[in-house]
Each structure stands twice: as structure tokens, then as C-alpha cells.
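# Commentary on secondary and tertiary structure
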Amino acid sequence: MKVEEKLALNAIKNHDESHIVLDEEACARCETRICIRACPAGLYSVEPATNKVIVDHSGCLECGTCMVICPLDAVTWRYPDPGYGIRYRHG
Amino acid sequence: MSDGEELDVVVVGAGCAGLACAYELASNGLTVAVCERGDVAGAKNLTGGRLYLEPLKDLCGDLLEGAPFERTVVSESIVLTHGDASTSIRLDHGVGEDRPHSATVLRAKFDQFLADRAGEKEAFVMGEQRVDELIREDGKVAGVLVAGEEVRAKVVVAADGALSFLAVEAGLRKEREPRHFGVGVKELIKLDASLIEERFNVAPRQGAARMYMGDVTDGLPGGGFLYTNRDSISIGVVVQMDAMERRGEEDTFNDLISRFKERPDVAPLIRGGETVEYGAHLVPEGGFDALPELGIPGLFLVGDAAGLVLNTGNLLRGMDLAMASGVLAARSIIEFREGDPGCPECLDHYKKSLADSFVIEEMRLHRKAPKILSNERIYKVYPPAVVDMLRSLFEVDEKGEGVPVKRAVKKMRRTVGTWAAMRDIMRILKL
Ligand SMILES: Cc1cc2nc3c(=O)[nH]c(=O)nc-3n(C[C@H](O)[C@H](O)[C@H](O)COP(=O)(O)OP(=O)(O)OC[C@H]3O[C@@H](n4cnc5c(N)ncnc54)[C@H](O)[C@@H]3O)c2cc1C
Ligand code: SF4
Ligand code: SF4
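Each value, and the rule that gives it
Residues numbered from 1 in each chain as written. Chains lettered and ligands numbered in written order. Predicted model: local features only at pLDDT ≥ 70, side-chain atom pairs only at ≥ 80, totals over all residues. Heavy atoms only, no water. Phe/Tyr/Trp six-rings, centres within 6.5 Å; stacked < 30°, edge-to-face > 60°. Buried < 20%, exposed > 50% of the residue type's maximum accessible area, 1.4 Å probe, protein only. Lys NZ or Arg CZ within 6 Å of the ring centre and 35° of its normal. Helix = DSSP H or I, 4+ residues; strand = E, 2+ residues; numbered from the N terminus. Contact = heavy atoms within 4.5 Å. Pairing = 2+ DSSP bridges. Right-handed = clockwise from strand over helix to strand, strands pointing away. Near = heavy atom within 4 Å. Polar contact = N/O pair within 3.5 Å; in protein donor to acceptor, adjacent residues only side chain to side chain. Areas by Shrake-Rupley, 256 points an atom, 1.4 Å probe, with all protein chains shown as cover. Nonpolar A, V, L, I, M, F, W, Y, C, P; charged D, E, K, R; others polar. Domains from an automatic or database assignment. Patch = residues over 30% accessible without salt bridge, like charges linked within 9 Å, V, L, I, M, F, W, Y side chains within 5 Å. Salt bridge = Lys/Arg side-chain N within 4 Å of Asp/Glu carboxyl O. Lys, Arg positive; Asp, Glu negative; His and termini not counted. Charge placed at Lys NZ, Arg CZ, Asp CG, Glu CD.

### As for the packing of aromatic side chains
Per the stated rule, a full pass over the model turns up seven aromatic pairs over all chains. Ring centres of Phe225(B) and Tyr227(B) lie 5.7 Å apart, and the angle between their planes is 35 degrees; this geometry places the pair in the tilted category. By relative accessible area, Phe225(B) is classed as buried at 8%. Look at Tyr227(B) and you get buried, because its relative accessible area is 5%. An aromatic cluster of three or more residues is present, and its members are Trp77(A), Tyr79(A) and Phe165(B). It is Lys13(A) that lies over the ring of Tyr84(A); its NZ or CZ is 4.9 Å from the centre. Looking at Arg37(B), its charged tip hangs above the ring of Tyr79(A), at a distance of 3.6 Å from the centre.

In C-alpha cells, the structure reads:
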């Protein structure tokens, strides 16, 4: 099962605005790009046309892994606004 | 809420720490509000998991009366994995419904139950209330800001979980270091209760817990877990965050979990089940030596926010430590209710009672665990050595020969009989 299929099972209400913002300049010089592998939801990727690292906040599990693991402090992260984001039905 | 009036306590976070704290406070007549960012208690929370009940008998006995436990754990296994083979040690113990030692829980249900109990004691548990900032006055914390609105209280209890933005804001945690966290990822699989009972050889309401070590995490420090719930299975992995940093290849958490589920010794257990949820959460794993200061005047850290988690490889305990710390913080506040619970002495009282409790005692006892468990040999070298040795004991080759016990042991000794290995093993045994 692909991770996108699993995310589709979750109860989630995505905000239009992202609660995760990346420092593009830092990402451009980042050697590890560890966020891509570390995000359990697979929301980080490299945009092929520009080679830029991007994050798709919809589907975020709000674990905070990306913020903590980023070696360049490039992830500005907050909890989504009340009423939005993941809602665990089981947990 | 009482408009403009100052509360005795505002608790941030309706997880098990915050709710146990609020219940204790409200039971003793203090005015308390719990601000939770999720719609309801538990909406944002995820655990393995099982709750160890023995340590909470005195502290939370009343609160846990009638709690929606999934199953009482009566069957425990430690499984060493290597390729398509594994070796397990299993304990089936005689604990029953009447004498549970630990029970599996699902947080959405469990936290809602705790919130209802706290509500019965007249604590205000409020969803969709994200605390954004602390209010500080005269050198102490005097409340919190929620969407620009002030919520004032004599004390604030930060029960805001592993990422605790409040602990960071208060300067109690300078930085969140990857080496102090594990990343936990879990899938919930619906499965008929009768199938669970058949496959795990347990009676109704009884269940199993399995911990996996070895290539389930691809040899990274961490492990896999499997818990049976009433009519579902919790399966997942926890991996030390800084180990992921050290690793080069492309391999995602979903790959790990998918391979875990496909293992020949796991797949039959979950066959026919349907995945209904996929989640992730951090686990504070820094242990005793990474504990922050437990507060500043007017602010108390409890549970994950204070880093109170014990991981010894075969045990992962956070919920009982969270609930115990919540109750102990409440009791210190109650002790100072006539005076000023925001004074430094009240905080000292909490620190002392926590230090005297099983929470800190256990963490101190296992203070070396994080270091020992970060040794990759434990995951990469020993599980294959043990599995291979046992395999050779049971195999008969095409020449019709089995492997003499002596040779099998000798072969294992070549991998694990070195000084480095002896040292590792002694350390593990000391955990
Ligand atoms: C995969 C995994 C497996 C685990 N297995 C086990 C196990 O088997 N047994 C065990 O005992 N422990 C286990 N643990 C650890 C255990 O889950 C935690 O230690 C426990 O949940 C901590 O409880 P808490 O109340 O401190 O924090 P949490 O349960 O995280 O609660 C924090 C609460 O605060 C809220 N919050 C956060 N910030 C704000 C804010 N700014 N404003 C308002 N609300 C906020 C959150 O929404 C949440 O409700 C496991 C953890 C993981 C991730
Ligand atoms: S978010 Fe951090 S880890 Fe990811 S590419 Fe940017 S700098 Fe690197
Ligand atoms: S918080 Fe977790 S799920 Fe969300 S983007 Fe970061 S790593 Fe991925």
C-alpha cells in the first residue's frame, strides 16, 4: 500500500494555508535533504523542474519530525489552526 | 469559563498527563481549565500502546475505574528478526481481567474517557483552543494566550506533549535535538475479535504484546511493536531520529512498515485485516540525562513535555509516567493552594515529589539505556547471529547431516564471542 493511500484513510481537514514553511535558500544548499526520507507521510519531495525541495502540508500527521531533524533549521513549523489538520479516530 | 476571573490552574494539553492532572485538581475543588488544540481530547494523540497499570494504582486508581481498555496483556513476546526467519521468547502469564498488569489502549477513546471523568469533577476541558504563548508577569508565568485572548491562572501546567512549544518558549529546552527523539509510526488494522483471539491464543478481553528487534528497522536503533486491541491491531515501528540522519539510502517509513507487515511471521497474524488509520508521533527518548528543568515559577512541565519517557528496549513507558507526573504536579499545587502555587517553593515541592517517585527513580536507574540502545550492533549483529545459530540447530542438509550443537554454538561465538560483543551483552543485561 502506498503512503498516499494510507493517508487517504485518515480523517483530516486541510487548511488552504500551509503550517510548514521552508527556507528555500537553506534547502538549496542542503546536502542531506533528510526531510524527504524522514517524513513518515512522504510529504517532502524535489520539484523536478527546479530541483527545489517542496513540502505538501495536506496529509501532515503533525509529528514534527521534519522540524526537529532538519540540520539547517530551515523548517518553520506550527500546529495547524484549531479545527484543521489530522483528527485521529483511533490513535 | 468564568469571565475575566482568574482560574487556579490552566492545563495546556488534553493528553493523559494533562487530564490526570486536571482530574486531581478538580477533585480537590480547584478551578481548572484544560486547553486542547484538537477538536476533542485525543484527536491529536497517538501511542503504541499499552498502559502499565500497577504504578498508577494509588495515583490514578479512581480515575481509571471503568476505563475503556482494549485488552489485558497476558502474552508477551520479544522477537529477534533476520530476513524471513525470527526467534522469539514468549511469556504467557497468569494475569487476568481481575488483576491486569497492563492493558492496551487507543487514545481517541481513552483520552475522551479521561476528559469526561475530569469534566464530571467540573474541570473545563475545551477543544479547539491552541495555546500560542505564555503570559509572564513579575518574574513568573501568569496564564496563557489563546487566539489573542488571555486565560489567566495562578499556575500553568504544560502537558503539551513531546514537541512542547511551551517548554521551548520558557527557555527550559534550548533546542530539540534529534538524538533525544524517536520517530514512532503506526498503522491500525481492523480485525475480528474472534480472529485475534484465535491467532494470538488469548481469551476474549485478553491480548498480546510483541516487540521486534533486528531488521524490522533495517538495523537502525529502534524496534517494531504489535499490540492487540479489542477488534484491531496496532502495528508500527519506533526509530531513533539521529540514526536516520546517519543513514544514506532511500528508504521510507512506509517501506519499513510494509516490509514488517509482509514478514512471514507477521502476515498471517493480520491477514484479512483492513488498515483504517496511519499515524506518526515523536517519542522523547533522551532519558534521565536529557531531562529539562521541570518548570519555572508558575509553570510546571509534565509528561512528554518534560521528557518523561522510559525506553529500555523491551519496555516503552510514557503514559504511566505522564499520568503520574500530572497527578504529582496537581498535588504540589493543592499543597500550596492557600498561599501562592506560583511561588518557587511550590515548584521545588513538585520536583522533589517527582524525584522521590517511581518516575524519576526508574529513569535514573535506566539512565544508560539511551546510549546502550543507540549501539547499532544490537540490531545488526546479534539478531542474525542468534537466528542463524538456531536455524542451524534445526536444519538437516542434503547430505543428510544435521549441524552438531557444538559447531553451531562455535559459529555463533565467532560473531558474538568477541570482547566488544561481551561488553555489549553485559550492558544490555544491565538494562
Ligand atoms: C509510536 C509510539 C508508541 C508508544 N508506545 C507506548 C506504550 O506502549 N506505552 C506507553 O506507556 N507509552 C508509549 N508511548 C509514549 C506515550 O504515548 C506518551 O509518553 C504519552 O502519550 C505522553 O502523554 P502526554 O499527555 O504527556 O502527551 P500527549 O499525549 O502527546 O498529549 C499532549 C496534548 O497536548 C496538546 N497540545 C500540544 N500543544 C498544544 C498547544 N499549544 N495548545 C493546546 N494543546 C496543545 C496535544 O494536542 C495533545 O492532546 C508511545 C509513543 C509513540 C509515539
Ligand atoms: S528542510 Fe531541512 S533537511 Fe529538508 S532540504 Fe531543507 S534544509 Fe535540508
Ligand atoms: S510534521 Fe511529520 S508528517 Fe508533517 S510534514 Fe513534518 S515530518 Fe511530515
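### Some thoughts on the environment of Glu395(B)
All names here are of chain B. Within the secondary structure, Glu395 sits in the loop between helix H14 (382-394) and helix H15 (405-416). Spatially, the C-alpha atoms of Glu395 and Ala153 are 69 Å apart, while their sequence positions differ by 242 residues. Ignoring sequence-local partners within four residues, the contact set of Glu395 consists of Glu401, Gly402 and Val403.

### Here's the deal with unusual backbone geometry
All names here are of chain B. Omega for the bond connecting Gly48 with Gly49 falls within 30 degrees of zero, at -20 degrees, which places this linkage in the cis form. Along the chain, Gly49 falls in the loop between strand E2 (32-35) and strand E3 (50-52). Residues other than glycine seldom take positive phi values, yet Glu128 does so here, at roughly 55 degrees. Structurally, Glu128 is set in the loop between strand E7 (124-126) and strand E8 (131-137). Residue Glu128 is classed as partly exposed on the basis of its relative accessible area, which comes to 39%. Phi angles above zero are rare outside glycine, and Asp218 is one such case at about 65 degrees. Inspection of the secondary structure assignment puts Asp218 in the loop between strand E12 (206-214) and strand E13 (222-228).

### Focus: the pairing of E2(B)
All names here are of chain B. Side chains Val32 and Val34 of E2 all project onto a buried face; the interleaved residues Ala33 and Cys35 project onto the opposite face, where all are buried too. With four bridges connecting them, strand E1 (residues 7-12) and E2 associate as parallel partners. Pairing of Val10 across the sheet is with Ala33, part of E2. Handedness of the crossover joining E1 and E2 through helix H1 (residues 16-27): right-handed. Strand direction decides the pairing type here: E2 and E7, joined by three bridges, are parallel. Note that in E7 the partner of Cys35 across the bridge is Met126.

### Notes on the site of ligand 1
Around ligand 1 there are 38 residues in total, and Glu36(B), Thr47(B), Arg50(B), Arg107(B) and Asp304(B) lie nearest to it. Among the chains of the assembly, those with residues near ligand 1 are chains A and B. Note that an oxygen atom of ligand 1 is positioned 2.7 Å from one of the side-chain N or O atoms of Arg107(B). At a separation of 2.9 Å, an oxygen atom of ligand 1 approaches a polar backbone atom of Gly318(B). Here ligand 1, which alone exposes 1000 Å², has 98% of that area covered by the protein. When contributions to the shell around ligand 1 are tallied by element, the ones reaching two or more residues are H1, E13, strand E15 (274-284), strand E19 (316-317) and helix H9 (319-335) of chain B. Counting residues per element, the shell around ligand 1 draws most heavily on E15(B), which supplies three residues. Residue composition of the shell around ligand 1, grouped by class: 17 nonpolar, twelve polar and nine charged. Each of two domains, domain 1 (7-69 + 101-177 + 287-366) and domain 2 (179-284) of chain B, supplies a minimum of three residues to the shell around ligand 1.

### Some details on a positive patch on the surface
Residues and elements named next belong to chain B. A cluster of like positive charges, contributed by Lys368, Lys371, Arg423, Arg427 and Lys430, occupies part of the molecular surface. In terms of residue count, helix H16 (residues 419-430) provides more of the positive patch than any other element does, three residues in total. Relative to the helices and strands, Lys430 is located in helix H16.

### Observations concerning the side chain of Thr65(A)
Considering the arrangement of structural elements, one finds Thr65(A) in helix H4 (residues 65-69). The exposure class of Thr65(A) is buried, given its relative accessible area of 0%. Excluding residues that lie within four positions of it along the chain, Thr65(A) makes contacts with Ala38(A), Pro40(A), Val183(B), Met241(B), Met244(B) and Leu282(B).

### A closer look at a negative patch on the surface
Residue and element names in this part refer to chain B. A contiguous patch of negative charge, built from Glu395, Asp397, Glu398 and Glu401, is present on the exposed surface. By the secondary structure assignment, Glu401 is in the loop between H14 and H15. Using a relative accessible area of 44% as the deciding quantity, one classes Glu401 as partly exposed.

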